[in-house]
Amino acid sequence: MARQYWLMKSEPYVYSIDDLQRDGTTYWDGVRNYAARNIMRDRMRIGDRVLYYHSNAKPPGVAGIAEVCRESYPDHTQFDPSSKYHDPKATDENPRWFMVDVRFVEKFEREVSLPEIRATPELAEMVLVNRSRLSVQPVTQAEYDRIVGMAAAASEEG
DNA sequence: GCCAACGTTGGC
DNA sequence: GCCAACGTTGGC
């Protein structure tokens, strides 16, 4: 299968691209939305590229690139009563929530902000700008390439 | 801090 | 199965 492209949101003061760079890899726990879960559980493949998006930031934007390095497996936090992600309806035999692992690839010299994305006609169809509250979402290769290009152009302008 | 979008829950 | 109430996300 050809490489696929995704966008994943993280609040930077919870877990930023810098945290991922430091750790190298991380597991994407805590997703509790079925549409986002289904993407991770059913569609993400090793080697897929991920735009790493900082949500709830000023401004929000794409901060860098990660890649999928482990395909879906149960999110352990659903079984942990002390976790805020605990799900009492989930069992070992019937886990409800799944996650993938991602690996750090690159931190952009400069973030591509949401206002910039909104101002770019070629990105008008992005899920990011058309559907709120979806923390894991598909991106087309053209959209991915455009954003990576914008990050490079921004950093050259310095 | 506000609030729109929208997903989830639960009564019926 | 409908839908009102409620909770969360996330931009501003």
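Just above, that's the structure.
Below is a summary of the structure that appears in this document. (Residues numbered from 1 in each chain as written. Chains lettered and ligands numbered in written order. Predicted model: local features only at pLDDT ≥ 70, side-chain atom pairs only at ≥ 80, totals over all residues. Heavy atoms only, no water.)

A word on the packing of aromatic side chains
Line of reasoning, step 1. All chains considered together, the criterion is met by three aromatic pairs.
Line of reasoning, step 2. Aromatic pair tyrosine 5 and tyrosine 144: ring centres 4.4 Å apart, planes at 40°, arrangement tilted. With tyrosine 5 in strand E1 (residues 5–10) and tyrosine 144 in helix H5 (residues 141–157), this pair connects stretches of sequence that are 139 residues apart. In this structure, tyrosine 5 and tyrosine 144 share a single accessibility class: buried.
Line of reasoning, step 3. Above the plane of the ring of tryptophan 97 lies arginine 37, whose end atom (NZ or CZ) is 5.9 Å from the centre. (Phe/Tyr/Trp six-rings, centres within 6.5 Å; stacked < 30°, edge-to-face > 60°. Helix = DSSP H or I, 4+ residues; strand = E, 2+ residues; numbered from the N terminus. Buried < 20%, exposed > 50% of the residue type's maximum accessible area, 1.4 Å probe, protein only. Lys NZ or Arg CZ within 6 Å of the ring centre and 35° of its normal.)

Focus on the pairing of strand E4 (residues 61–74)
The two faces of a sheet get side chains in turn, since along a regular strand they alternate between them.
Line of reasoning, step 1. Most of E4 is tucked away: 10 of the 14 residues are buried.
Line of reasoning, step 2. Relative to E4, strand E3 (residues 49–54) is paired through six bridges, and the arrangement is antiparallel. What sits directly across from leucine 51, in E4, is isoleucine 65.
Line of reasoning, step 3. Joining the antiparallel neighbours E3 and E4 is a turn of six residues, in which asparagine 56 adopts a positive phi near 55°.
Line of reasoning, step 4. Taken together, the 10 bridges between E4 and strand E5 (residues 98–113) define a ladder with antiparallel strand orientation. For isoleucine 65, the partnering residue across the bridge sits in E5 and is glutamate 106. (Pairing = 2+ DSSP bridges.)

Remember, this is a structural readout, not a statement about activity or role.
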